[in-house]
Amino acid sequence: MTLLDITNLKTYYRAEDGWVRATDDVSLSIERGETVGLVGESGSGKTTLAKSIIRLLPDNAEIVDGSVAFDGTEITELTDSELRKQLRWSEISMIPQNAMNGFDPVYTVGQQIVQVIRYHEDGTSKAEARERARSLFDELGIEPDRVDDYPHQFSGGMAQRAMIALALALSPSLVLADEPTTALDVVIQDRILETIKKMQKELNSAMIMITHDMSVVSETCDRIAVVYGGRIIEIADAETIITNPRHPYTLGLRNAFPDINDDDQELISIPGTPPELVDPGEGCRFAPRCPFAEEACWEVTPEPESYGDGHEVECHRADEVELLQTEAGKKETWLEQEIGRPDDPTADRATAEVESDD
Amino acid sequence: MGLREYVVRRFLQLIVTFWAFFTLLFVLFRMMPGDPTSMFILDGMTPEQREQRIAELGLDQPLYVQYVEYIRQLLTGDFGQSFIYREPVTDIILIRFMNTIVLMGTALVFAYLIGVTFGALMGWWRNSRFERGGIIVTLMARSSPEFWVGIVLLSVFVFWLGWFPSSGMRTTGGELGGGFVARYGSLDFLRHLFLPALTGAIVYLATPTLLMRSTMLDVLNADFIEIKKAEGLPERTVLYKHAARNSILPLVTVAAIATGAAMGGSVVIETVFNWPGMGREMVRAVNNNDYPVAMAAFFLMGSVVILMNFVADLAYVYLDPRVEYE
């Protein structure tokens, strides 16, 4: 059963020189209990996409078009107070990247969990809410008495567990986890991910896991959406994204992460930087960094193409999967000078200007 | 280290600070050029009379004797006789100190209550017309000279509207009550208090307002504010219980220091409104080389600064759980 259905969502930021298209025409649907990973570089728009779901956007951001339907409710049409009372935290909660900063430093963790429980549940007494906080702590492997501690008294991993307790306090149907383990060391990271998985299964909550770490998503997610330049450029089940991706960017991302079983593997990075999203114009947004870009890639924005089992790719050359996969594994392919539009008119103009200055 | 230990240690520090302060005051005053008799010589004092006067005041004793005597007097609350009035300093200074506390205390309470609220809202409604207008008003208040604010208030509320008396602390011929409440609680007194206190409040308003606004802007960027919003809590809970509550911390220290400084009184406000406070008395004492009065005045002011810092440190322990007792 579909829990969340995002269609053609466009969330833009107003900037001095126009709209920044942080989320541009994105469609994504999530089933109950499912975990979907959003992977991409910093600035690719994955966080904006997730925050658009609960409209937790800064003042200069706006959902300009598209629909977000949560369990049949159209979120973009709710009033602020309906959104706060019906959806925020009770249905959709979040786990931030740095849990230590996610708690208000001047109140105890317990006070903060009790506050949110009692705000959303009229009939729950203070003692009941406190008891629930204690039992959540217990389940997450924290000494229950520590609900009376202040956030700064927790270690990083402990604070992250406490944050998970806060996020799950109202048994939400969807949890937005924004790089929940980036701030932690690898051993703790692994345990936290296990805990999240376990609790999520118990509550049958769906989850959106935002990360730039391929290894995190491959371990925890059912499906993975790769985000680039404000668009989902490839989405499929986790297995397919890891073993059989078709988009050159996904192939590039995969190169950038070490495989523990492969001794000879050389890490290859993708040259260049993520695109400017102010009026990007037509054409594939990855083309400037793509070693496989052709004429059409610069002119026409690729539409999502389906390759069975929910595998969708936005790439003009996705059909040439064998070539892409073979070539993308070679270091030479990703050398900077080999990439870029051969007869780029803007590049010519830049050169001409420099010459005329002399 | 426990809370109690921290308080005890902080208290011992307070005593050491006071001792250092006493000693510094003593040294400073002995270093000042001129002596009280230089004022009397003009009145035809003979050299013998002068010697006699100096001996009377104990100023012919060696410094360490003077120092021991000085500490003994401070501890017994005896500031000696005014060189000029020939009256106990305590009588002269205490009443003026109370007058100043009432005036400046009122001004500060209003300045900080209004400033903190105003600044919090300015930060919350960032980039709004309210914020921009607020900054302009605050900066205008900040840059207006005290005497100018006082005179404008006088001409509007006294000479034009006639709502308040123009000067002093009580209507001439009015009953002068003995107790504190009778003295400072009467309606007549409050009417006299209003304009000078308002002048002070306007002058002091800018610091808490602007500081509160800027710390609010910092706090509003913190992750926990976003989480509180995501929790669906109402705006005013996020604003008051979380954002403003965290932003107020740096203001505690600033308020403590401002209170200390304000206890010196404001010469300008006291002159404009003819208020018998510390500021004018200190200027008079310094001009006349009236050591005991000047010293008592500095002693009271400095003591308030030290005490208020002590209070601020204790308040911090209560307000910010992250303070470590080390």
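Cut-offs applied
Residues numbered from 1 in each chain as written. Chains lettered and ligands numbered in written order. Predicted model: local features only at pLDDT ≥ 70, side-chain atom pairs only at ≥ 80, totals over all residues. Heavy atoms only, no water. Helix = DSSP H or I, 4+ residues; strand = E, 2+ residues; numbered from the N terminus. Buried < 20%, exposed > 50% of the residue type's maximum accessible area, 1.4 Å probe, protein only. Contact = heavy atoms within 4.5 Å. Areas by Shrake-Rupley, 256 points an atom, 1.4 Å probe, with all protein chains shown as cover. Expected span 1.5 Å × (residues − 1). Axes fitted to C-alpha atoms, helices over the stretch in contact; angles between N-to-C directions. Left-handed = near helix turned anticlockwise from the far one by under 90°. Nonpolar A, V, L, I, M, F, W, Y, C, P; charged D, E, K, R; others polar. Pairing = 2+ DSSP bridges. Phe/Tyr/Trp six-rings, centres within 6.5 Å; stacked < 30°, edge-to-face > 60°. Lys NZ or Arg CZ within 6 Å of the ring centre and 35° of its normal. Parallel < 35°, antiparallel > 145°, perpendicular 65-115°, else oblique. Right-handed = clockwise from strand over helix to strand, strands pointing away. pLDDT = per-residue confidence, 0-100. Patch = residues over 30% accessible without salt bridge, like charges linked within 9 Å, V, L, I, M, F, W, Y side chains within 5 Å. Salt bridge = Lys/Arg side-chain N within 4 Å of Asp/Glu carboxyl O. Lys, Arg positive; Asp, Glu negative; His and termini not counted. Charge placed at Lys NZ, Arg CZ, Asp CG, Glu CD. Core = buried A, V, L, I, M, F, W, Y, C linked by side-chain atoms within 4.5 Å. Domains from an automatic or database assignment. Buried area = accessible area lost by both parts, 1.4 Å probe. Polar contact = N/O pair within 3.5 Å; in protein donor to acceptor, adjacent residues only side chain to side chain.

(A) Main features of the overall build of chain B. Secondary structure assignment for chain B yields 15 helices and 0 strands. Out of the 326 residues belonging to chain B, those deemed buried represent 44%. Contacts spanning at least 24 positions in sequence make up 76% of the contacts within chain B whose residues lie at least 6 apart. For chain B, the exposed area adds up to about 16,900 Å²; of that, 66% sits on carbon and sulfur atoms.

(B) Inspection of helix α6 (residues 156-168) of chain A at higher detail. Residues and elements named next belong to chain A. Over its 13 residues, α6 runs 18 Å from end to end, which matches the ideal 18 Å to within 8%, given 1.5 Å per residue. Most of α6 sits inside the fold, with 11 of its 13 residues counted as buried. Among all positions in α6, only Gly 157, Ala 159, Gln 160, Arg 161, Ala 162, Met 163, Ile 164, Ala 165, Leu 166, Ala 167 and Leu 168 are buried.

(C) Structural view of the packing of helix α5 (residues 89-124) of chain B against helix α9 (residues 187-220) of chain B. Residue and element names in this part refer to chain B. Here α5 crosses α9 at 35 degrees, and the two axes come no closer than 4 Å. Like other packed secondary-structure pairs, α5 and α9 cross with a definite hand, here right-handed. When the residues that make up the contact of α5 with α9 are grouped by side-chain class, the tally is 26 nonpolar, 6 polar and 1 charged.

(D) Main features of the pairing of strand β8 (residues 206-211) of chain A. Residue and element names in this part refer to chain A. For β8, the buried fraction is high: 6 of the 6 residues fall into the buried class. Residues Ala 206, Ile 208 and Ile 210 line one face of β8 and the alternating positions Met 207, Met 209 and Thr 211 line the opposite face, and both faces are buried. Of the pairings in the sheet, the one linking strand β7 (residues 174-178) to β8 comprises 5 bridges and is parallel in character. Of the residues in β8, the one forming a bridge with Leu 174 is Ala 206.

(E) Structural context of the packing of aromatic side chains. Under the definition given, this model contains 16 aromatic pairs over all chains. Each ring, one from Tyr 12 of chain A and one from Trp 19 of chain A, has its centre 6.0 Å from the other, and the planes form 55 degrees; the classification is tilted. Judged by its relative accessible area of 31%, Trp 19 of chain A is partly exposed. Relative to Phe 22 of chain B, the ring of Phe 18 of chain B has its centre 5.9 Å away and its plane inclined at 45 degrees; by these criteria the two rings are tilted. Taken together, the residues span about one helical turn, with Phe 18 of chain B and Phe 22 of chain B both in helix α1 (residues 3-31) at a distance of 4 residues. Like Phe 22 of chain B, Phe 18 of chain B is buried. An aromatic cluster of at least three residues, connected via ring pairs, comprises Phe 18, Phe 21, Phe 22 and Phe 299 of chain B. Seen from the ring of Phe 154 of chain A, Arg 146 of chain A lies directly overhead, with NZ or CZ sitting 4.7 Å from the centre. In this structure, Lys 241 of chain B packs its charged tip against the face of Tyr 107 of chain A, placed 5.5 Å from the ring centre.

(F) Inspection of the environment of Arg 284 of chain B at higher detail. Tracing the chain through its elements places Arg 284 of chain B in helix α14 (residues 278-287). Between the C-alpha atoms of Arg 284 of chain B and Arg 132 of chain B, which are 152 residues apart in sequence, the distance is 43 Å.

(G) Spotlight on the packing of α6 of chain A against helix α7 (residues 186-203) of chain A. Residues and elements named next belong to chain A. Two elements in contact, α6 and α7, have axes separated by 10 Å at closest approach and are oriented at 15 degrees. Put simply, α6 runs roughly parallel to α7. Of the two possible hands of crossing, α6 and α7 adopt the one that is right-handed. Judged by residue contacts, Gly 157, Gln 160, Arg 161, Ile 164 and Leu 168 of α6 engage Ile 188, Arg 191, Ile 192, Thr 195, Ile 196, Met 199 and Leu 203 from α7. Considering only residue class, the contact of α6 with α7 consists of 7 nonpolar, 3 polar and 2 charged.

(H) Seen up close, the pairing of β7 of chain A. All names here are of chain A. Counting buried positions over the 5 residues of β7 gives 5, a clear majority of the element. The alternating pattern of β7 places Leu 174, Leu 176 and Asp 178 on one face and Val 175 and Ala 177 on the opposite face, and all of these are buried. Here strand β6 (residues 92-95) pairs with β7 via 4 bridges, running parallel. Pairing of Met 94 across the sheet is with Leu 176, part of β7. Tracing the backbone out of β7, into α7 and back to the parallel element β8 gives a crossover that is right-handed.

(I) Structural detail: the confidence of the model for chain B. Residue and element names in this part refer to chain B. Scored by pLDDT, chain B comes out at a mean of 83, with 89% of its residues at no less than 70. Mean pLDDT values for the elements of chain B range from 54 in helix α2 (residues 37-40) up to 93 in helix α10 (residues 223-230). For this predicted complex, the interface confidence comes out at an ipTM of 0.85, alongside a pTM of 0.80.

(J) Here's a closer look at a negative patch on the surface. Residues Asp 138, Glu 139, Glu 143 and Glu 202 of chain A make up a contiguous surface patch of negative charge. Here Glu 143 of chain A shows up in the loop between α5 (126-139) and α6.

(K) Examining the nonpolar core more closely. Leu 4, Ile 53, Trp 89, Ile 113, Phe 137, Leu 174 and Ile 208 of chain A are the most contacted members of the largest nonpolar core, which has 96 residues in total. A per-element tally of this core places α6 of chain A first, with 8 residues. Looking at this core, you find at least three residues from each of domain 1 (100-171) and domain 2 (244-336) of chain A. Once residues lying within four places of it in the same chain are set aside, the contact partners of Trp 89 of chain A are Met 94, Val 116, His 120, Leu 166, Ala 167, Leu 170 and Pro 172 of chain A together with Ile 227, Ala 230 and Glu 231 of chain B.

(L) A look at the domain arrangement of chain A. When cut into domains, chain A gives domain 1 (100-171) and domain 2 (244-336). For domain 1 of chain A and domain 2 of chain A, the distance between their C-alpha centres works out to 43 Å.

(M) Main features of the interface of chain A and chain B. Between chain A and chain B, the contact holds 25 residues from the first and 20 residues from the second. Note on chain A versus chain B: buried area summed over both sides is about 2,100 Å², and carbon and sulfur give 60% of it. The interface formed by chain A and chain B holds 1 salt bridge in total. Lys 51 of chain A is the partner of Glu 226 of chain B in a salt bridge, and the nearest nitrogen-oxygen pair spans 3.0 Å. Connecting chain A to chain B are 12 residue pairs in polar contact (both at pLDDT 80 or more). Put simply, the parts of the chain that give the side of chain A that touches chain B at least two residues each are α3 (99-102), α4 (109-120) and α6 of chain A. Of the residues forming the side of chain A that touches chain B, the biggest block, 5 residues, is contributed by α4 of chain A. Classifying every residue of the side of chain A that touches chain B by side-chain character gives 14 nonpolar, 7 polar and 4 charged.

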